[in-house]
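# A structural walkthrough
Given next are the chains, with one letter for each unit.
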Amino acid sequence: MNTSDSEEDSYNERSALVQSESPTIPSYNQDHDMSLPQETDTKRRRPVSSGLSEPGPVEREQASTPDGEEEELTLKYGAKHVIMLFIPVTLCMVVVVATIKSVSFYTEKSSQRLIYTPFEEDPNSVGQRLLYSLLNTIVMISVIVVMTIILVVLYKYRCYKFIHGWLILSSLMLLFWFSFMYLGEVFKTYNVAMDYPTLVMIIWNFGVVGMICIHWKGPLRLQQAYLIVISALMALIFIKYLPEWSAWVILGAISIYDLIAVLSPKGPLRMLVETAQERNEPIFPALIYSSAMVWMVGMADSSNTDSADDRRRNEGGARAQEGVESEDDAAQGGRRRYSAEEDLEEDRGVKLGLGDFIFYSVLVGKAAATGGDWNTTLACFVAILIGLCLTLLLLAIFKKALPALPISITFGLVFYFSTDNLVRPFMDSLAAHQYYI
Amino acid sequence: MTLAVFFGCAFIAFGPSFALFVFTIAKDPLRVIILIAGAFFWLLSLLLSSLVWFIAIKASNSQDHSLQRGLLIFGVFFSVLLQEVFRFAYYRLLRKANEGLAAISDDDSSAISVRQMAYVAGLGFGIMSGAFSMINILSDSLGPGTVGIFGDSQYYFITAALMTLALTLLHTFWGVVFFEGCEKSRWWVIAAVVGLHLLVAGLSLLNPLYEGSLPPVYGIMLLMGVWAFFSSGGSLNSLNALCTRRKAEAESS
């Protein structure tokens, strides 16, 4: 995740949101758990996961205003940023759960498997199933690690064209092919007759606008909506094609991997981030969900009415912020921009990697897919939200980039298994007798 | 077993809490977080009580139906007690957080008062409790079926929805009163809340004799509403002022 707490980053933020490809300078302690998109022929795309970095107000502590105000601003903004992440995460989960419950395609087990989980689970033998799911997990995690290392190597040797081409190819696949598949299944479920010309037009428009929004410029809300949609699509593919037990073990393993990759000094993601910082370059803004609302200096009209509201709300914060930013020498460009504007407004916002969205939705989607119990789904949902809240709280306390997966996925897994096995029989018995607790 | 039943029961059970959420909580991020954390604490209490019940079930003879029923009743009361324990734990957590917020703010006052937190926490408990009671029933009501075909009551859905509504509001009122009691260290208030919760759970054991369970529960709910209103600082004067001000505004406009 991209932190937005240095002035270089603020300079980047303003461009980062409007157009993702513009050169943005990451802040000093960014972290991304980047997993790369795959080759198109493999029908999969790896998510970017969990680098979670602190919300903007962190740097306000360096300002000359008294500490208490900073901290309170931090907390006030902290709560707001938590909600700014709750809403897209909730939306993504709602889309996935609604699809799982209505379109049966994504819960049908097919003989097709991803090549990353080559061992087929035999439902008859517990021991063999466990062993094969562990092996599948090892294969999958090694693929992710290898991909990340390849990415770091490519980045070190400045093969930017290759990386960008790879990213564009994978979002093409998501926006066109997977959404075509999704639309087809929805039509089949609701028995809607659709002719090909109309379908081609719909998919074409959807895909092209998506590519433009994600990789170039676009309205913030539209970009956020597209990122949510592609995360949901990817999560649905995972839910369909990962074998039962392997999916749970993979969820656990990937949160451990996330923890290691983001926090340990030798982690590939850390190396990636440090390299990017040395070169003062951006890190793939197209794969990050950003909640910030940014002003473009010199823009005559504020196309974002949210930004206008935010400006009114964040007056005080901005002044303190400008104080900090103008003090730093490194952001020459930033100062150029700030000097002209008195009431320049910027809500730092917070960013979350798309991989986090995907894996949260995979967890909740699998909870919804297995069994008809809605209580389990709801429990996992609340657990993930609380995990996200705790992660953001830790972020505000430790003020360094943190992985967003471990806490939420741990809570989610614990609540899934315990609700499914313990709470479900209890609530079912209570409902049968109509006892209320 | 139609869409009408589904929507009717959903609105009965969740209408007021949804309205409360939209009008009082949705706009303030801190309150939303406190609400969801409250829901989480209720969930934790349910988890632990289900664990205890599950162990008891597994350790006992599964063929003995009266024993199973006795264990279920024990599970009900144990769960009620555990919910109140977790309500107290949540109170302590919120107090600490509030002190933290107050300490770091400019004018030594936090953004949210304990009374507001009490209301939000109570509502969080209520919404989660209601959701867990009602959601599976709602999803079943969408599908085909006949209610009470084996001789059970045909009013299952509507009574479930009404009971859920009562419990949601009760949790909200209990939250307000409980926190107030903790603040003022009035332990009899806490004991009263716990006792009333046990009473309501006990009344629900009378189901399907709905005359025995629903009207008393609603009576208790109204009493609790009045108690919560006065405990959180309301008074007859403020009610009066509300009515007369509205009348004055209506007259002046």
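Residues numbered from 1 in each chain as written. Chains lettered and ligands numbered in written order. Predicted model: local features only at pLDDT ≥ 70, side-chain atom pairs only at ≥ 80, totals over all residues. Heavy atoms only, no water.

## Let's talk about the packing of aromatic side chains
The geometry of two aromatic rings is summed up by the distance between their centres and the angle between their planes. Counted by the stated rule, this structure contains 29 aromatic pairs over all chains. Centroid distance Tyr155(A) to Tyr160(A): 5.6 Å. Interplanar angle 65°. Geometry classified as edge-to-face. For Tyr160(A), a relative accessible area of 24% gives the class partly exposed. Note on Trp248(A) and Tyr416(A): the rings are 4.2 Å apart at their centroids and 20° apart in plane angle, and the pair reads as stacked. Pair noted here: Trp248(A) is in helix α7 (residues 244–263) and Tyr416(A) is in helix α14 (residues 405–433), with a separation of 168 residues, a long-range link. For the pair Trp248(A) and Tyr416(A), a shared accessibility class is recorded, and that class is buried. Three or more aromatic residues joined by ring pairs form one cluster here, namely Phe41(B), Phe86(B), Tyr90(B) and Phe125(B). (Phe/Tyr/Trp six-rings, centres within 6.5 Å; stacked < 30°, edge-to-face > 60°. Buried < 20%, exposed > 50% of the residue type's maximum accessible area, 1.4 Å probe, protein only. Helix = DSSP H or I, 4+ residues; strand = E, 2+ residues; numbered from the N terminus.)

## Some details on the interface of chain B and chain A
Taken together, the contact pairs 49 residues of chain B with 40 residues of chain A. Across the chain B-chain A interface, the total number found is zero salt bridges. At the junction of chain B and chain A, the tally comes to eight residue pairs in polar contact (both at pLDDT 80 or more). Those elements giving two or more residues to the side of chain B that touches chain A turn out to be α2 (29–59), α3 (65–104), α4 (114–142), α5 (156–183) and α6 (187–204) of chain B. If one sorts the elements of the side of chain B that touches chain A by residue count, α2(B) sits on top with 17 residues. Considered class by class, the residues forming the side of chain B that touches chain A number 32 nonpolar, 15 polar and two charged. (Contact = heavy atoms within 4.5 Å. Salt bridge = Lys/Arg side-chain N within 4 Å of Asp/Glu carboxyl O. Polar contact = N/O pair within 3.5 Å; in protein donor to acceptor, adjacent residues only side chain to side chain. Nonpolar A, V, L, I, M, F, W, Y, C, P; charged D, E, K, R; others polar.)

## A closer look at the nonpolar core
Tyr360(A), Phe132(B) and Leu170(B) are the most contacted members of the largest nonpolar core, which totals 182 residues. With 16 residues, the single largest contributor to this core is α5(B). With residues up to four places along the chain from it excluded, the contact list for Leu170(B) reads Val200(B), Val217(B), Ile220(B), Met221(B) and Met224(B). (Core = buried A, V, L, I, M, F, W, Y, C linked by side-chain atoms within 4.5 Å.)

## Description of the UniProt feature "transmembrane region" (unreviewed entry) in chain B
All names here are of chain B. Feature annotation in UniProt assigns "transmembrane region" (unreviewed entry) to the following positions: residues 6–25, 32–55, 67–86, 117–135, 155–179, 186–206 and 218–239. Taken end to end, residues 67–86 comprises 100% helix and 0% strand; its first and last C-alpha atoms sit 28 Å apart. Summarising residues 155–179: 96% helix, 0% strand, and an end-to-end C-alpha distance of 36 Å. (UniProt positions renumbered as here; feature names shortened; annotations may be inferred.)

## Side note on the side chain of Ser204(B)
Note that Ser204(B) resides in helix α6. Polar side-chain contacts of Ser204(B) include one of 2.9 Å to the backbone nitrogen of Tyr436(A). With near-sequence residues (within four places) excluded, Ser204(B) lies in contact with Gln434(A), Tyr435(A), Tyr436(A), Met163(B) and Ser213(B).

## With respect to the packing of helix α1 (residues 3–25) of chain B against α2(B)
All names here are of chain B. Taken N-terminus to C-terminus, the directions of α1 and α2 make an angle of 145°; their axes are 10 Å apart at the nearest point. Taking contact as the criterion, the partners of Phe21, Thr24 and Ile25 in α1 are, on α2, Arg31, Val32 and Leu35. For the contact of α1 with α2, the per-class residue count stands at four nonpolar, one polar and one charged. (Axes fitted to C-alpha atoms, helices over the stretch in contact; angles between N-to-C directions.)

## Brief notes about the packing of α5(B) against α6(B)
Residue and element names in this part refer to chain B. The N-to-C vectors of α5 and α6 enclose an angle of 165°; their axes lie 9 Å apart at closest approach. The pairing of α5 with α6 is recorded here as roughly antiparallel in orientation. Between α5 and α6 lies a crossing whose hand is left-handed. Contact residues: Met163, Leu167, Leu170, His171, Trp174, Val177, Phe178, Gly181 and Cys182 in α5; Val189, Ile190, Val193, Leu196, His197, Val200 and Ser204 in α6. Its residues assigned to classes, the contact of α5 with α6 comprises twelve nonpolar, four polar and no charged. (Parallel < 35°, antiparallel > 145°, perpendicular 65-115°, else oblique. Left-handed = near helix turned anticlockwise from the far one by under 90°.)

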